[in-house]
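# Residue-level structure breakdown
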Amino acid sequence: YVKHRSLTAASICGMLGMFQNVSTTSYSKQELSHESYQDAAACRVIARLKKERDEAWSLLAQSERQVMLVASTAITSNATLSNGKSGSFSLSF
């Protein structure tokens with residue numbers, strides 16, 4: 001049993017069209033591969049930036065807590081004079 005060619009493969013124009021379709025499919029695969037790589041790279045960049053942002057927020061919150069602790073310690077130690085009497089003071093940042 002011999003399998004017959006389709007009508008498009010029977011002519012030179014038809015065969016050229018088939019080769020063009022194969023070439024286009026190959027090019028599309030390359031484009032998809034490239035875009036998939038770019039998407040993955042963009043996701044990695046976004047993940048890194050979010051991590052850096054979260055670390056920066058954490059450091060800021062930690063710094064604010066330390067400033068408040070130092071300020072409250074300064075207020076407590078400045079409020080009591082060496083003779084035990086309370087006095088007035090000013091605290092500026």
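Calculation criteria
- Residues numbered from 1 in each chain as written.
- Predicted model: local features only at pLDDT ≥ 70, side-chain atom pairs only at ≥ 80, totals over all residues.
- Heavy atoms only, no water.
- Helix = DSSP H or I, 4+ residues; strand = E, 2+ residues; numbered from the N terminus.
- Buried < 20%, exposed > 50% of the residue type's maximum accessible area, 1.4 Å probe, protein only.
- Areas by Shrake-Rupley, 256 points an atom, 1.4 Å probe, with all protein chains shown as cover.
- Patch = residues over 30% accessible without salt bridge, like charges linked within 9 Å, V, L, I, M, F, W, Y side chains within 5 Å.
- Salt bridge = Lys/Arg side-chain N within 4 Å of Asp/Glu carboxyl O.

This part covers the overall build of the protein. What the protein contains, in helices and strands, is 2 helices and 0 strands. Burial statistics for the protein: of 93 residues in total, 3% are counted as buried. Entry remark: accessible area of the protein is about 8,600 Å², with carbon and sulfur atoms responsible for 62%.

Once that is clear, we can look at a nonpolar patch on the surface. There is a patch of nonpolar side chains on the surface, built from Ile12, Met15, Leu16 and Phe19 and spanning about 450 Å² of accessible area. Assignment of secondary structure puts Phe19 in helix H2 (residues 12–79).

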